[in-house]
Amino acid sequence: MTLPVSPFAIRIADEILEDLRRRILQTRWPDELPGMGWDLGVELAYARELADEWARSFDWRTQEARLNRELPGHRCRIDDLDIHFARVGDGHRKDRPALMLLHGWPSSFAEMAKIAPLLSDSFDVVVPSLPGHGFSSIPRAPGFGPDECAPILIRLMKEALGHARFFVHGGDRGAFVAASMAHVDPASIAGIHITLPTGLFAEGEQATEEERRFASDTARWMAEEGGYSAIQSTRPQTLAYAMHDSPVGLMAWILEKFRQWSDCGGDLESRFTRDELLTNVTIYWATGTLRSSAHWYWERRLRPPAASRAVRIEVPTGVAMFPKEVMRTPRSAVERKYDLRHWTTMASGGHFPALEEPEALAADIRKFVATVGG
C-alpha cells in the first residue's frame, strides 16, 4: 500500500501575522535588576531590541519563501496525523541512500535549511516536522512520544516514499526518535547518527571515573539549568497559557536555550542570525505548538522511550560529540547502549549543530554512512 503525498507550501495567514505584530507592540514589559545581564534569564535590553525588530522589520514572507524554496514541503496523512516534511534532492533516483534529518526542541525543521542542501547530492534527504511541532499535526491524546512517533516516520519513509531501508540523523529529541526507530524496526534502519546519545551506565566500582564525573556534572546542570525541564515534564499546560498568549514570552523562553546551549560564548548572534532565530520562533507562534512540543517532556517522564530505558539499540550508530552539547555522555556508557561504529569529537559547536556547524556535521554524517555502508 502506498500512502499518498501532496505538496505543501507554508503560508501563514495575514491575520495571524498582524495579530502577532499587535501583541508584540503591546507587550507589558517586566523590570529587571540592574547589572545582572543574562544571569537571571534573557536580558531585558536584548529582548526589547529583538522584539522591536520582530514587530517592525522582520520579513516573515521572505523567510517563508526561503523555506519553501530550500526545504520544499509535502504532507502525508498517517493514521490520524498530517505529517509535514521537506524533501531535498532528486528523490526519484534509486542509486542513492535515503537520509532522514530529525530536529529537536526548541528548534524546528527549519534548523536543517543549511545542512540538507549539503547532503542532497548523495542522499534523498527527508526533513519532517515532528508531530506536535511546526506544520505537522498535534497528537490529540496523551501517550505520544518518541516511541509512538517512530513507526509513523518509518511508514512515511517506507509506504509514502518507497525507502525500505534508510539512515536517520537526529539531535536532542530527534536523537531519541532515531533510537526508537532503530529499536522498533531495526531491519529498516541502516544506521543512526546522533549528537545527543544516552547511555547504559555501570554501577559502583564498575563505573568509570568519567561516568562518575558525568553523573555529578549532570546533577549540577539540572540544578542550574533544568527548571524548564521540570515545568515542561510536570505542568506543560500551565506554562502554555503564557506561551500561547505572549509572543515575547515565547521568544524569551526559546532564545534563552539557543544562547545557553550553543557554542556562542555568550554572544548569541555569533552563531545565529536574527532571521534564523525569529523564523524559528515565528513557526512556534503561528502553529501554536509550544504546548504540544513541551508535552513530550511530560511523556518522557511518565513513559520513558527506548533511548531512556535499559535496552540496547542494535543498529549501527555514529556519534558526533560537540563540545558545548548540554549532555556529553561518556563513550563507555554509549557503547553499552548502542552498536557504536563511529565516534567523532567535534572541534566546536553545541546543541544546534545543523545551524552552528553545518559543514562539519554534514561531513561527519557522510563519514558514518561510508563506514557502515547501506
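Residues numbered from 1 in each chain as written. Predicted model: local features only at pLDDT ≥ 70, side-chain atom pairs only at ≥ 80, totals over all residues. Heavy atoms only, no water.

Draft legend 1. Broad picture of the overall build of the chain. Of the regular secondary structure elements, the chain holds 15 helices and nine strands. Computed over its C-alpha atoms, the radius of gyration of the chain comes to 20 Å, within 12% of the 21 Å expected for a compact globule of 374 residues. Once the C-alpha set of the chain is aligned to its principal axes, its extents read approximately 55 × 55 × 40 Å. A burial count over the chain gives 56% of its 374 residues as buried. Put simply, of all contacts in the chain between residues at least 6 apart along the chain, 79% involve residues at least 24 apart. Counting 44 positive and 51 negative side-chain charges, the chain places the centres of these two groups 3 Å from one another. (Helix = DSSP H or I, 4+ residues; strand = E, 2+ residues; numbered from the N terminus. Rg over C-alpha atoms; globule rule 2.2 N^0.38 Å. Buried < 20%, exposed > 50% of the residue type's maximum accessible area, 1.4 Å probe, protein only. Contact = heavy atoms within 4.5 Å. Lys, Arg positive; Asp, Glu negative; His and termini not counted. Charge placed at Lys NZ, Arg CZ, Asp CG, Glu CD.)

Draft legend 2. Spatial organisation of the packing of aromatic side chains. By the definition in use, this model includes 16 aromatic pairs. Relative to Trp261, the ring of Trp221 has its centre 6.4 Å away and its plane inclined at 40 degrees; by these criteria the two rings are tilted. With Trp221 in helix α7 (residues 209-225) and Trp261 in helix α10 (residues 247-261), this residue pair connects regions lying 40 residues apart in the sequence. Each member of the pair, Trp221 as well as Trp261, carries the same accessibility label: buried. (Phe/Tyr/Trp six-rings, centres within 6.5 Å; stacked < 30°, edge-to-face > 60°.)

Draft legend 3. Fine view of the packing of helix α8 (residues 227-234) against α10. Put simply, α8 and α10 touch, their axes get as near as 12 Å, and they point 135 degrees apart. Our classification of the angle between α8 and α10 gives oblique. Where α8 abuts α10, its residues Tyr228, Ile231 and Gln232 lie against Trp253, Lys257 and Trp261. Of the residues assigned to the contact of α8 with α10, the class counts are four nonpolar, one polar and one charged. (Axes fitted to C-alpha atoms, helices over the stretch in contact; angles between N-to-C directions. Parallel < 35°, antiparallel > 145°, perpendicular 65-115°, else oblique. Nonpolar A, V, L, I, M, F, W, Y, C, P; charged D, E, K, R; others polar.)

Draft legend 4. Just unusual backbone geometry, in detail. In this structure, Pro106 follows Trp105 across a cis peptide bond, with omega equal to 5 degrees. Here Pro106 lies in the loop between β4 (98-102) and α4 (115-119). Phi is positive for Asp79, close to 55 degrees, though the residue is something other than glycine. Looking at where Asp79 falls in the secondary structure, it is placed in the loop between β2 (73-78) and β3 (81-88). Despite not being glycine, Asp172 has its phi angle at roughly 55 degrees, a positive value. In this fold, Asp172 is placed in the loop between β6 (166-170) and α6 (173-184). By relative accessible area, which is 10% here, Asp172 ends up buried.

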